[in-house]
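What follows is the residue order along each chain.
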Amino acid sequence: MAGGQRPPPPAPAGSQPLPQAWSPAPPGTSGAQNPGMVSQGVNPPYRPIPQQQQQQQQQQFQQPGASTQLPPRPPQRPMAPQGFPPQQQQQHLYQGAAPYGAPQQSGQQRPMYAPPPSQSQPQQGHNDVASLTQQMSGMAMNQQPPAPGMAASPPPGSQQNKQRTRRVYPTASSPAAAGVPPVSGYPPVSAMQMPGYPGTCAPGYPSPAGAPITGPQTFVPGAQAPMPSSSAAYARGAGGAPVSPSGAGRPPQAQPAPYEPPKPRIDPAQMPTPISVHMHDQEIHDEQPYSTGLKTNVPLASTNFTAIDDGNSNPRFIRLTMYSVPHTEELLKATQLPLGMVVQPLADLAPTEEPVKLIDFGEEGPIRCMRCKTYINPYMVFINGGKHFVCNICRHENEVPDDYFCNLDMVGRRLDSQARPELHNGTVEFVATKDFIAREPHPATFVFAIDVTWGAVQNGMVAQAAAAIKDALYGGRGLPVGAKVAIITYDRSAHFYGLSPSLEQAQMMVVPDIHDMFVPIHEGFAADPIESRHVIEGLLDSLPSMFVQNRTAEPVLGAVVQAVHEALRTSGGKLFAFHTALPTFGPGSLKQRDDPKLHNTDKERTLYEPQDSFYRDWAVKLVESGISCNLYTFPSAPMDLATLSQLSTVTSGELYSYPGFDGKRDGRRFAADLRADVERSYGSNAVLRIRTSDGLRVDEHYGNLFMRNHVDVELAGVTSDTAIGALLQYDGRLDEKQDVYFQAALLYTTSDGQRRIRVHNIAVPCTTLIGAMFRNAEVDTSMNLIAKAAVTEALSQPLRSIRERLSDRCVQILTAYRRNCAAGSPPGQLILPEAFKLAPLYTLSLLKSPAIRGGADVPIDQRIFHMCLLRQLSVRKSMDYFYPTIVPVHALTGNQGEIDEKTGLVVLPTFARASYTMLDPAGAYLLTGDGSLIMWLGRQVPAQFLQDALGVPSLEQVDIMQHSLPELDSALNRKINAIARQILPTRAGFASLQIIRQGIDQAEVQFATKLIEDRNSDNMTYVDYVCAVHRQIQVEVRPKGPVEPKWSYN
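Here's what I pulled together on the structure shown here. The shown structure was predicted, so the numbers you read here are calculated from the model rather than taken from an experiment.

### Concerning the overall build of the chain
Here comes step 1: The number of helices and strands found in the chain is 26 helices and 30 strands.
Here comes step 2: Counting all 1050 residues of the chain, 55% fall into the buried class.
Here comes step 3: For the chain, the proportion of contacts with a sequence separation of at least 24, taken over those separated by at least 6, is 73%.
Here comes step 4: Put simply, the chain shows about 46000 Å² of open surface, and 51% of that area lies on carbon and sulfur atoms.

Below you can see the structure in the form of structure tokens.
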């Protein structure tokens, strides 16, 4: 180390430093600054070297044998903005290829469009972020950053700028335009025009050869050429006075804008990725089961693990945003981390885990605290020889009933603690007593209501719905035990069917007076699906032909809701409504109100509000009767989901959407969704309450729910996928010497009509250290909770403000970590906490979501659908939503694609990153993330692979209209089918397949929008966004100065 230089302090534990890309200035250079830091003084005026002197210096360097020592520097010569003299700037560029727009070496020519690399994605470890420090440290803070991926431009009008413009952006008349080589593997781009837009190319593809490039350009995803930087910085002199190119009218002491050197390039392959993080976590939990008694180091939501219940609830049931809770509110605010939880009370357990224990305390019911009504759990302390117990929630001392008394051992534990599940298991289920039964429970009734209007018949929905219902009832596990079935069809009238097992075929009764709706069938409206199978199957088989001549185009959804409430108000149940159009007739009729002029404006949020209160009022009535509604929509035109979705959001149901439904294309996916919906665990007429230690309280609840007060969450229906978010607030100071306790209790009726109480308990340590908070934070749950809060706020605030707050929240969290845990790190380093290093990527993904992103191209119904989706997603499913799963299937080795006998799961290859540059043109990939399945075929994929996998000899002969993977007699085909079933576990092996060929199919444009790390959806690339976050962190940690622009997205 040279004299006078101090080595940078080591990064704190639990963080990932990003390595520096700029070497320090030579020792002894006056005026040199640390990279990324703001100058602390005023540099003297810059006096450029005369052109004649520059030529003499260049001739001196070119003379053979001439001295390489630079001439003496003139006195008082200032430094360039980055701390390097202009002659030395070229020596400090990023090593490797010259920056875009920089002069090329002799004999070399840079292609205009960089093709994706032909090699597969390199292997990455979980410490891949450690090699980025050098790449992040050279970012200047005192200048407006140029366009992402592009070096700063010289002043316009200069010879260098003219040459650069001709080189980077050739026009039709430019000689360079004709010599630009096409992207390897791409067909002539002139054949890839967007329909309806003559003279333009589909987004994500190069412009036609010889066409002039005007305005903003869109290039191949992940390999975009940089945008021309604005010349506004050179258009005005000091004080904002206009300046002509010749300098006329310039203020007397105005200086020309300094030339900013090119920014260093960051290797996208070194950015933090969920792939390496999940692989590392999976390797840890493959070796041994996870004991919940550890209280920390909880497996990630995407990890396949086996949990042993040792007092804390299984992470599948309840997840916290942090597993070390700060003891004061001030400490929480210092970190900006969210404090909350996501509860999934009926989540499915792994096959290797023990089922939840059922406990019956008889007529007296379970033991509870007399003050706060907390249920007995492993964290209650027994005192006075076992005669009393202290509640872990409110610290109240309670008497132990005589029939529950037991002596204590030497350490104060009951002698029968291991024999009683409620005293050593974090999750148990109690049989509810009469005190918890307001009305007699009944088995659930599932009502399928099918829209049979002209539009539903024409797009194939009626036929697909009948087939999907039949498959859901009899093709797999079927309905939950004890559940019954009813079927309704509707257009301008409602049609009811008698399904009594004594009938040979179903009896149909029509109610045309929809303004006075009633159920005309009393016996046989709901029937057991097994006893009445012959009647139900016959009806479903005949439904498509019954309404093939129907010309009615007005469905009466509101009347059907009233009829279902009338039929199930005493027993409860679930409504599956399959709807295709805006209801414009009968009760609850709506008007078309979508106004394109309001899109992408602050007034757009008025379209998120319901037209009237009809559907919400009836949804509340459904909640009172324990009836939930799952709404399946098949829109071909706007149908006002903002109003109709209340049927599912208020009744704790779910919303499904299939825009432009085509039976052949979307039928398999629809059938898979319905089958998974029907087969999963279900409960009705439920109430959820979350209790916390003294000093904390639940401030907000998020999800599809209804609340009459601020404590009880009413759920008309609850499934294994129902997830409720809870944001916590402080009421006082916590005791740092004791654990913090949470209990979530769900009172519900099972599908077979039994009243139960499921109780989840969790205890985590209390801390006074910010480092412990970051070390034990969980980014998956935090982002799920942040997303739920964001879509809830979207109903009252502009999306622009929400997007800014999401990015600001990410910056605040990382800034808090730097201030409190990495204050000694060099200013140019971006230090990421290990537990939150994926926060920028997940935030960027949320900004690109149709629920949040800007732009007038997002239909309002689709935006509402994605808002509802984020509101109802569990932590596990939200991870698939934020980052798609991309599986390479072209180079399977060993046992990849085969079932592992140890785990019973298919062995998967290493996933590919969601970036176009990471996809091999000679490869094939399966992508999923939203329930659909996409197979992307590279332009150079081998013919032998196509023959073995799809049964065709060439890429041109691949049938893109096939919507399922073929089943061939080849090992490769069997492996690919097994992998597809593995990555879509909730779809029961079904998914509609979409095949996309690189450079051939227009659907590749939509495929590119799913690649989160690339520039798409009116937002930055992953690298650019991390750089923007880094700049804002430096702004936050340095002394306050002029306000600079934050984010470049709309």
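### Quick notes on the sheet that holds strand E9 (residues 388–390)
Here comes step 1: Here we have 3 strands laid out as an open sheet, ordered E8-E9-E10, and antiparallel in their pairing. Bordering the open sheet on either side are strand E8 (381–383) and strand E10 (397–399), each of which pairs with just one other strand. Within the sheet, the average angular offset between the axes of one strand and its neighbour, ignoring direction, is 35 degrees.
Here comes step 2: Two elements, E9 and E10, share 3 bridges in a ladder whose sense is antiparallel. Paired with His-388 across the strands is Glu-399, a residue of E10.

### Thoughts on the packing of helix H12 (residues 557–568) against helix H13 (residues 614–624)
Here comes step 1: Viewed as axis vectors pointing N to C, H12 and H13 meet at an angle of 15 degrees, and their least axial separation amounts to 10 Å. In terms of orientation, H12 lies roughly parallel with respect to H13. Between H12 and H13 the crossing geometry is left-handed. Judged by residue contacts, Leu-557, Gly-558, Val-561, Gln-562 and His-565 of H12 engage Phe-614, Tyr-615, Trp-618, Lys-621 and Leu-622 from H13.
Here comes step 2: Per-class residue counts for the contact of H12 with H13 are 6 nonpolar, 3 polar and 1 charged.

### Side note on helix H26 (residues 1022–1037)
Here comes step 1: Helix length check: H26, at 16 residues, gives a terminal C-alpha distance of 23 Å against a target of 22 Å (1.5 Å per residue), a fit within 8%.
Here comes step 2: Most of H26 sits out of view: 13 of its 16 residues are buried.

### Digging into the environment of Gly-558
Here comes step 1: Within the secondary structure, Gly-558 sits in helix H12.
Here comes step 2: Gly-558 sits in the buried class, given a relative accessible area of 0%.
Here comes step 3: Contact partners of Gly-558, with chain neighbours within four places excluded, come to Pro-587, Phe-614 and Tyr-615.

### Details of the packing of helix H18 (residues 779–793) against helix H19 (residues 799–821)
Here comes step 1: Packing of H18 against H19 brings their axes to within 10 Å, and their N-to-C directions diverge by 155 degrees. It follows from the interaxial angle that H18 and H19 lie roughly antiparallel. By crossing handedness, the relation of H18 to H19 is classed as right-handed. Here Ile-786, Ala-790 and Glu-793 of H18 come into contact with H19, specifically with Ile-802, Arg-805, Leu-806 and Arg-809.

### Considerations on a negative patch on the surface
Here comes step 1: On the surface, a cluster of negative charge is contributed by Glu-363, Glu-364, Glu-397, Glu-399, Asp-402 and Asp-403.
Here comes step 2: On the basis of relative accessibility, which here comes to 67%, the residue Asp-403 falls in the exposed class.

### Overview of the pattern of salt bridges
A side chain of one charge can pair with a side chain of the opposite charge if their charged atoms are brought near each other.
Here comes step 1: Evaluation of the coordinates by the stated rule reveals 42 salt bridges.
Here comes step 2: Salt-bridge contacts for Arg-319 lead to Glu-778; the nearest nitrogen and oxygen are separated by 2.7 Å. One end of the pair, Arg-319, is in strand E4 (residues 318–320); the other, Glu-778, is in the loop between helix H17 (770–775) and H18, and 459 residues separate them in sequence.
Here comes step 3: When the shortest N-O distance is used, the salt bridge between Glu-604 and Arg-863 registers 2.9 Å. Here Glu-604 is found in the loop between strand E16 (573–579) and H13, whereas its partner Arg-863 is found in helix H21 (residues 860–872), with 259 residues between them in sequence.
Here comes step 4: Overall, Glu-604 belongs to the buried group, its relative accessible area being 3%.
Here comes step 5: Ionic contacts of the salt-bridge type, sharing partners, join the residues Lys-574, Glu-654, Asp-677, Arg-680, Asp-721 and Lys-877 into one network.

### Brief notes about the sheet that holds E16
Here comes step 1: Ordered by their spatial adjacency, 7 strands build an open sheet running E15-E14-E13-E12-E16-E17-E18, and the pairing between neighbours is mixed. The two strands at the open ends of the sheet, each matched to only one other strand, are strand E15 (507–511) and strand E18 (655–657). When strand polarity is set aside, the average angle formed by the axes of neighbouring strands in this sheet is 20 degrees.
Here comes step 2: As judged from the 3 bridges shared by strand E17 (residues 627–633) and E18, these two strands associate in the parallel manner. Residue pairing for E18: Tyr-632 is matched across the bridge by Tyr-656.

### Remarks on the side chain of Thr-445
Here comes step 1: Within the secondary structure, Thr-445 sits in strand E12 (residues 445–451).
Here comes step 2: Filtering out sequence-adjacent residues up to four positions away, Thr-445 remains in contact with Lys-484, Ala-526, Leu-568, Ser-571, Gly-572, Gly-573 and Lys-574.

### Here's the deal with a nonpolar patch on the surface
Here comes step 1: The grouping of Met-508, Val-510 and Met-546 at the surface amounts to a nonpolar patch, some 250 Å² of accessible area in total.
Here comes step 2: Summarising the element assignment, Met-508 is placed in strand E15.
Here comes step 3: For Met-508, a relative accessible area of 38% translates into the label partly exposed.

Here is what the cut-offs are and how they apply
- Residues numbered from 1 in each chain as written.
- Predicted model: local features only at pLDDT ≥ 70, side-chain atom pairs only at ≥ 80, totals over all residues.
- Heavy atoms only, no water.
- Helix = DSSP H or I, 4+ residues; strand = E, 2+ residues; numbered from the N terminus.
- Buried < 20%, exposed > 50% of the residue type's maximum accessible area, 1.4 Å probe, protein only.
- Contact = heavy atoms within 4.5 Å.
- Areas by Shrake-Rupley, 256 points an atom, 1.4 Å probe, with all protein chains shown as cover.
- Pairing = 2+ DSSP bridges.
- Axes fitted to C-alpha atoms, helices over the stretch in contact; angles between N-to-C directions.
- Parallel < 35°, antiparallel > 145°, perpendicular 65-115°, else oblique.
- Left-handed = near helix turned anticlockwise from the far one by under 90°.
- Nonpolar A, V, L, I, M, F, W, Y, C, P; charged D, E, K, R; others polar.
- Expected span 1.5 Å × (residues − 1).
- Patch = residues over 30% accessible without salt bridge, like charges linked within 9 Å, V, L, I, M, F, W, Y side chains within 5 Å.
- Salt bridge = Lys/Arg side-chain N within 4 Å of Asp/Glu carboxyl O.
- Lys, Arg positive; Asp, Glu negative; His and termini not counted.
- Charge placed at Lys NZ, Arg CZ, Asp CG, Glu CD.

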